[in-house]
Amino acid sequence: MLKWANQGTVTNQNYNSEMPFRYVDGYIFVDIVQKDKTYNFLFDTGAEATLIDKAIINEFGFKPHATSTVSGPVVKTGDVNTIVVPSITISDVEFINIGAVTIDFEFAKTKFCEKVDGIIGSNLMKKAKWQIDYDKKVIRLSDDISNLLSQQPDYTLNTNLPSRGWGTETIELNIDGYVSQFDFDTGNGRDKIVLSPNKLKEFTAIDKASILEYGIKKSTADYKFIAQSVIIGDIKLANQSISLEKEAGNHQLLGNRFFENFIVTIDWEKHQVYLEPIEEIMSDQLNGFELVFKPNFESNKIEIATGLKTYTKENKIEEGAILLKVNETDVSNFSHQEFCDFWIMEWPKITDAEKLNIVISHKRKSKVLVINKKELL
């Protein structure tokens, strides 16, 4: 696997390229053009390998390699086919003989509005130097780090390569004394810092009254709390929200909600990430509604993702409940494009209110509720 993962190179010499990206709900998407067709790829440093949907793999003229197992917080664990892609062009830079994985991208249909055709993973990225400019929404890549850094950046973070010699690199965090490695993960659009719920026991000094418990009947609980201190290299932050989510599996993630505050430059060869601040990271407050909603872009429905455990228990909210109506807006009968537009354009405005009158449904039984935005702790 080591040889397969690390193979490949760039054909360009002395290159310095730039391409736009779309930043949607905390995820980075870029266009890949192959045989005059444009495909939508997620840009994901947390993906160990580059992934390509089985439905389009023939466009890449691949060479079969083997069968293996892949897992992660986005991709479900399962057997997949490892391949070698002879050529893939990103911006105007050609990568050749890249190890990749072909899988069924059905898992992405519920999560993302636009069809996702693939994921640019860390094994490809390590053939070049990269810069993510969240402010200008562009990604730059070059063979020379000096093309990306005009001056010494404010912060330098060291990344750690797994002992097997390839895969997702990690960054050390110190959260209220809990010191551990977190995946450097631009495929994480959830919260800034995400852990597994089973890590809650590591934070023994936290008062139980300072921990928010989320969950729906018969589901595993998620948690949130405010860490008094988070140290990442020379970056020292106070009062930061920490999320413990079952969807993270056994992963610990440092994602886009943190990195979006910086211009991020990556030197994989030196195992370093350089950060130039765009804006100050402020203290977090746990404010919100009693319920948490998420879009399902396959059914075009808004689902009750979770909620404060006390609230969901008191109101007998069960897994599978959907939102029918919010205030005077019927949200139950959108076409796919209408639903995408509504979620991106209208939903943030609606949820900016202090109170929502909602109608939810489960197993054809509807319920009228009023939820209020408030300080949850």
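Student: Let's hear about the pairing of strand β2 (residues 16-20): which residues, and what values?
Tutor: Side chains of β2 alternate between two faces, with S17 and M19 buried and N16, E18 and P20 left unburied. Across five bridges, the pairing between β2 and strand β12 (residues 138-142) is antiparallel. By the bridge assignment, S17 is partnered in β12 with L141.

Student: Tell me about the sheet that holds β12, and name the residues and values.
Tutor: Here we have six strands laid out as an open sheet, ordered β2-β12-β11-β21-β22-β13, and antiparallel in their pairing. Where the open sheet ends on each side, the last strands, each with one partner, are β2 and β13 (155-158). Recorded for the sheet is a direction-independent mean angle of 20° between the axes of neighbouring strands. Bridge count for strand β21 (residues 262-267) against strand β22 (residues 272-277) is six bridges, and the pairing is antiparallel. Pairing of V264 across the sheet is with L275, part of β22.

Student: Can you explain the packing of aromatic side chains? Please cite residues and give values.
Tutor: Counted according to the given criterion, the structure contains 24 aromatic pairs. Summarising the aromatic geometry, the rings of F105 and F107 are spaced 5.1 Å apart at their centres and angled 35° between planes, so their arrangement reads as tilted. By relative accessible area, which is 18% here, F107 ends up buried. Geometrically, the ring pair formed by Y155 and F262 is edge-to-face, given 6.5 Å between the ring centres and 90° between the ring planes. Separated by 107 residues along the polypeptide, Y155 in strand β13 and F262 in strand β21 bring together distant segments of the chain. Among the aromatic residues, those joined into a ring-pair cluster are F293, F297, F334, F339, F342, W343 and W347. When the ring centre of W166 is taken as origin, the NZ or CZ atom of R164, which lies over that ring, is 4.3 Å away.

Student: So what about the nonpolar core? Which residues, and what values?
Tutor: Ranked by internal contacts, the top residues of the largest apolar core, which has 64 residues, are F95, W130, I175, F258 and V264. Top contributing element to this core by residue count: strand β18 (residues 222-232), with five residues. With 30 residues, the next largest nonpolar core counts L291, F342, I358 and L376 among its residues.

Thresholds applied
Along each chain, residue indices are assigned from 1 in the same order as the chain's sequence is written. It should be noted that, the model being predicted, local features are given only for residues of pLDDT at least 70 and side-chain atom pairs only at 80 or more, the latter also being counted only at that level, while totals for whole chains, interfaces and linings use all residues. Side-chain measures were taken over the full set of non-hydrogen atoms in the model, leaving aside hydrogen atoms and water. Type-normalised accessible area, obtained with a 1.4 Å probe on protein chains alone, sets the label of each residue: buried when under 20%, exposed when over 50%, and partly exposed for intermediate values. Numbering goes from the N terminus for both helices and strands, where a helix is a DSSP run of H or I of at least four residues and a strand is a run of E of at least two. Pairs of strands are assigned from DSSP output, requiring at least two bridges between the strands. The axes are straight lines fitted to the C-alpha atoms, using for helices just the contacting stretch, and the angles between their N-to-C directions are given from 0 to 180°. Pairing of aromatic rings covers Phe, Tyr and Trp, the last through its six-membered ring, and needs centres within 6.5 Å; plane angles under 30 degrees mean stacked, over 60 mean edge-to-face, and all others mean tilted. Any Lys NZ or Arg CZ that is within 6 Å of a ring centre and within 35 degrees of that ring's normal is treated as a charge sitting over the ring. Residues belong to a common nonpolar core when they are buried Ala, Val, Leu, Ile, Met, Phe, Trp, Tyr or Cys residues joined through side-chain atoms within 4.5 Å.

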